[in-house]
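Report on the structure
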2 protein chains.
Amino acid sequence: MPNSKTTTCQINATRLYSSLETLGQIGRYTDAETGLQGVCRLALSAEDGEGRRLVLSWMRELGLEVTVDRIGNVYARRSGLRPDLAPVMVGSHIDSVPTAGRFDGCLGVLGGLEIVRTLNERGTETQRPVVVAFFTDEEGCRFGTDMLGSAVATGRLALEQAYDLRDREGLRLGDELEKIGFLGQADEKVAAPYAYLECHVEQGPILGAKRVDIGVVTGVQAISWQALTILGKSAHAGATPMNLRADAGLAASRINVQLRAMIASGEYGEMRATMGCIAPQPGLVNIVPGRVEATVDLRNPSDLHMRKSEQDLLAFYEQVQSEEKVEIRWRQTARTEAVAFSPSLQQRIAEAAQGAGLSHQPIIAGAGHDAQEFARICPSAMVFVPGEYDGISHNPREFSTQQQCANGIHVMFEVLLQLANEIAF
Amino acid sequence: MPNSKTTTCQINATRLYSSLETLGQIGRYTDAETGLQGVCRLALSAEDGEGRRLVLSWMRELGLEVTVDRIGNVYARRSGLRPDLAPVMVGSHIDSVPTAGRFDGCLGVLGGLEIVRTLNERGTETQRPVVVAFFTDEEGCRFGTDMLGSAVATGRLALEQAYDLRDREGLRLGDELEKIGFLGQADEKVAAPYAYLECHVEQGPILGAKRVDIGVVTGVQAISWQALTILGKSAHAGATPMNLRADAGLAASRINVQLRAMIASGEYGEMRATMGCIAPQPGLVNIVPGRVEATVDLRNPSDLHMRKSEQDLLAFYEQVQSEEKVEIRWRQTARTEAVAFSPSLQQRIAEAAQGAGLSHQPIIAGAGHDAQEFARICPSAMVFVPGEYDGISHNPREFSTQQQCANGIHVMFEVLLQLANEIAF
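Conventions we followed
- Residues numbered from 1 in each chain as written.
- Chains lettered and ligands numbered in written order.
- Predicted model: local features only at pLDDT ≥ 70, side-chain atom pairs only at ≥ 80, totals over all residues.
- Contact = placed C-beta atoms within 7 Å.
- Helix = DSSP H or I, 4+ residues; strand = E, 2+ residues; numbered from the N terminus.
- Least-squares fit on C-alpha atoms with pLDDT ≥ 70 in both.
- Buried ≥ 20, exposed ≤ 12 C-beta atoms within 10 Å, placed from the backbone.
- Pairing = 2+ DSSP bridges.
- Domains from an automatic or database assignment.
- Nonpolar A, V, L, I, M, F, W, Y, C, P; charged D, E, K, R; others polar.
- Expected span 1.5 Å × (residues − 1).
- Arc of directions from axis to C-beta.
- pLDDT = per-residue confidence, 0-100.
- Axes fitted to C-alpha atoms, helices over the stretch in contact; angles between N-to-C directions.
- Parallel < 35°, antiparallel > 145°, perpendicular 65-115°, else oblique.
- Left-handed = near helix turned anticlockwise from the far one by under 90°.

This brings us to the interface of chain B and chain A. For an interface, size is often stated in terms of accessible area lost upon the parts coming together. Facing 49 residues of chain B, the contacting portion of chain A comprises 49 residues. For the side of chain B that touches chain A, the secondary-structure elements that each account for two or more residues are α7 (206-210), β10 (235-236), α8 (248-265), β11 (272-274), β12 (278-281), β13 (287-288), β14 (291-300) and α12 (388-391) of chain B. Top element by residues in the side of chain B that touches chain A is α8(B). It accounts for 8 residues.

Taken as rigid bodies, chain B and chain A are interconverted by a rotation of 180° and an axial shift of 0.1 Å, the fit giving an RMSD of 0.1 Å. Here the transformation between the copies is reduced to the relation of a two-fold axis. Minimal C-alpha distance to the rotation axis in chain B is attained by Ser253(B), lying at 2.2 Å. In this assembly the copies share their binding face: 100% of the residues contributing to the interface of chain B also contribute to that of chain A.

Right, let's talk about the pairing of strand β4 (residues 74-78) of chain B for a bit. Residues and elements named next belong to chain B. Of all 5 residues in β4, 4 are buried, a share of seventy percent or more. Pairing geometry for strand β3 (residues 65-68) and β4, over 4 bridges, is antiparallel. Counted as the bridge partner of valine 68 is valine 74 from β4. In this structure, β4 lies alongside strand β6 (residues 130-134), joined through 5 bridges in antiparallel fashion. The partner of alanine 76 across the bridge, within β6, is valine 132.

Turning our attention to the domain arrangement of chain A. Residues and elements named next belong to chain A. We note that the domain assignment places domain 1 (13-220 + 338-420) and domain 2 (222-336) within chain A. Taken together, the 4 residues of domain 1 in the interface contact 7 residues of domain 2. Of the residues that constitute the side of domain 1 that touches domain 2, the class distribution is 2 nonpolar, 2 polar and no charged.

Residues and elements named next belong to chain A. Omega for the bond connecting glutamine 281 with proline 282 falls within 30 degrees of zero, at 0°, which places this linkage in the cis form. Mapping proline 282 onto the fold places it in the loop between β12 (278-281) and β13 (287-288). Of note in this structure, aspartate 137 is not a glycine but carries a positive phi near 50°. With respect to the secondary-structure elements, aspartate 137 resides in the loop between β6 (130-134) and α4 (148-153). The phi angle at glutamine 203 is positive, at roughly 65°, despite the residue not being glycine. Within the secondary structure, glutamine 203 is located in the loop between β7 (195-201) and α7 (206-210). On the basis of neighbour count, glutamine 203 is assigned to the buried category, with 24 C-beta atoms found within 10 Å.

Right, let's get into helix α8 (residues 248-265) of chain A. Residues and elements named next belong to chain A. With 18 residues, α8 extends 26 Å between its outermost C-alpha atoms, agreeing within 8% with the 26 Å of an ideal straight helix rising 1.5 Å per residue. Of the residues making up α8, those classed as buried are Ala248, Gly249, Leu250, Ala251, Ala252, Ser253, Arg254, Ile255, Asn256, Gln258 and Leu259. Note on α8: the residue one or two positions beyond its end, glycine 266, has a positive phi of about 75°.

We now examine the environment of Arg307(B). Residue position: Arg307(B) is located in helix α9 (residues 303-324). When the C-alpha atoms of Arg307(B) and Tyr268(B) are compared, they prove to be 9.3 Å apart, with 39 residues separating the residues in sequence.

On to α9(B). Residues and elements named next belong to chain B. Between its first and last C-alpha, α9 extends 31 Å over 22 residues, near the 32 Å set by a 1.5 Å rise per residue. When α9 is considered as a whole, its buried residues turn out to be Met306, Ser309, Leu313, Tyr317 and Glu324. Buried residues of α9 fall within an arc of 90° about the axis and therefore sit on the same side. Away from the buried face of α9 by more than 90 degrees, exposed residues Leu304, Gln311, Leu314, Ala315, Glu318, Gln319 and Ser322 are located. Where the residues of α9 are buried, they touch β9 (222-231), α8, β14 and β15 (327-336). Two residues or fewer past α9, lysine 325 is found with a positive phi of approximately 55°.

Residues and elements named next belong to chain A. For chain A, per-residue confidence averages 95 on the pLDDT scale, and residues scoring 70 or more make up 98% of the total. Across residues 1-7 the pLDDT falls below 50, and counting only partners more than four positions away or on other chains, this stretch makes 16 contacts in the model. For this predicted complex, the interface confidence score (ipTM) comes to 0.84, while the overall pTM stands at 0.85.

With that settled, consider the environment of Gln203(A). Remark: the alpha-carbon pair of Gln203(A) and Val385(A), spanning 182 residues in sequence, is separated by 9.0 Å. Apart from residues lying up to four places away in sequence, Gln203(A) is in contact with Asp104(A), Gly366(A), Ala367(A), Gly387(A), Gly391(A), Ser393(A), His236(B) and Ala239(B).

Turning to the packing of helix α10 (residues 343-355) of chain B against helix α13 (residues 402-420) of chain B, a few remarks are in order. Residues and elements named next belong to chain B. Interaxial distance between α10 and α13 falls to 9 Å at its minimum, and their mutual angle equals 125°. Compared by their axis directions, α10 and α13 come out oblique. In the packing of α10 onto α13, the handedness of the crossing is right-handed. When α10 is examined against α13, the residues Arg348, Ile349, Ala352, Ala353 and Gly355 are found in contact with a partner set consisting of Val411, Glu414, Val415 and Gln418.

Here it is in structure tokens:
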């Protein structure tokens, strides 16, 4: 069953999709296992530089006024009839994880350019300026801090602190930014836009499973990451009676099963929980593990539920420590609060989808996005489009159809046009 | 509280301990992490060859008649007044795991030589011959089959099959045996001894925890090893709702927790169970594991209980497959039946300990030993002595005191003397 098709699409779907394919050629590689074409444009790599220059050339072809700020964020401005008014901003990122597809981030940026292209073609003028932006190092794979550029622009992260981040080879972010020619002159602190909009692939299976065209993103979940080191006692699996063991692997397994039980209890709202890493040492069939490295990933759209889950999990660690005679050391490796997007913008997105005959539903963002940084300084919102193959992302199999991409950018176009022509919310 | 000391020790404790230290110099290395001295004498390595030649020289110094069979097992015979009678055999092994101490196996062999040395000193003659033996590749670390030499000698494993085993570098066991000069001429099938005795370090914490001097080994547990491959669906930990997951790591954790629950149920007798390896892929904090390699190690002194535990575990795999939407593939990587040692020999061992004022208790062998191979062809038994540090073994920290070693060999001496002077059981 194909997705329903919009009959009133304002943008050129073929042109949009073609631009995604063109940008996807930069940093292209062939996945050894599957033979699929993947994309690798790590932040501030030579490939990122090449991708940036391509997108800049398109921005200039569209007659936009391009500025590069001191953290390498790029803003392309189409003026309005009232250039004194705050602009409507459309943004995302074009850096990628090492094993990416060609949609993550790029759809938001190139979709923004397609919107401008459509406005230009029609000679449509707007009251407010429109800015299409891409932000430095959204993925955080190389320097360890995601949403870096938008965090600096909106004041969460200091410029010098960002400059001093280093990659695994010890290379400094500030130096790498200069090396690719994107250490700009413009003030890194962005003036608050009138509104910020971002279109992105869902990176999850929900829309695809329900065959829904448009996800109206309600917000971004709170994230809590823990790294656990569990210390037990390495022992011979044959010779050690059960009551004399301190099995670090069993302790980790109990925590993993407890995460599932917490979710089943219903006491923690829309909690998601994952133990992605369990690494027992020495990891041999006949040795009771004496040490385990493990991770816990908690997500929750509610900060209150998140805090309750964290507290109750720590209490469970105490219980496991005592029952299994192990020591559980944990440290927080990431922690962000939940972000709620503008209800008014969500409403407009839903209406625009409705008007185009597109099915839609509210959805929480599972991953982090630049929009959550802008939500601190202006009304912000996101549009999700479905991805094939259970919405797999950060993988060469990441794939959304031309129609799916066009649907999302069409909705963005409609909402942007409203916002850009109004004086106040 | 020190272990009680025997007041009637028949053997020279200092001399025995000194021989263990001398043999422990061969293959000695310094553990990088702890700075402790370890031993590495992998089967049929140059170090194993050197160790064998040292022990052979001691056997010849004692006037023993040495034969080497076609699988490299070494038998050193002290004749009896009735050389036509089947000998009493004392044996074990001198090959080691890569990270060994100096007691595992060596105590049984050098203890046998200390018994002969004591008999010689006193000019004691016995009715039956006494044979001290060491067997090829008991550990199985290099060629993948443990108790190899004794299995060939007692008919469980064919000679040609053993010859054709290869190590990780593709080297053939038969060639390696020849290379170190231990491809002997004697028939590999051993004539059934009158009885077989083996003294060994416990390799577990039981005797140490209870401060018991002597373990009277009742038998060897049945062993069942499984390698599991669990196939789920790799997915984004933030974007994938719980009900759309197929978490291979959670499936493995549930199996691990179930093993514990089975033991707690009491339905499986003296079952021991361990998941020593859990390796989720890709093993990242924010990815639901799509694949896990794991192992299950089951031990049970009862074959009936073992079979029930295997059946019930397979039924649980079915349940987990259906509930977690994963596929669980498993293969048996080892399976041995339980072995019961001679009750009469156990009785004699207990009495000998008692007579020497040594505390003793029945104990099941957690690991495999050459004695279990001989149990098929003659009355066999084992004496365990405690090890320090929870009985840690296969580790440079493996340690038994001079007194602990001497206690075990003293008991062996007493039982051997009885057996070697009787005509029938």
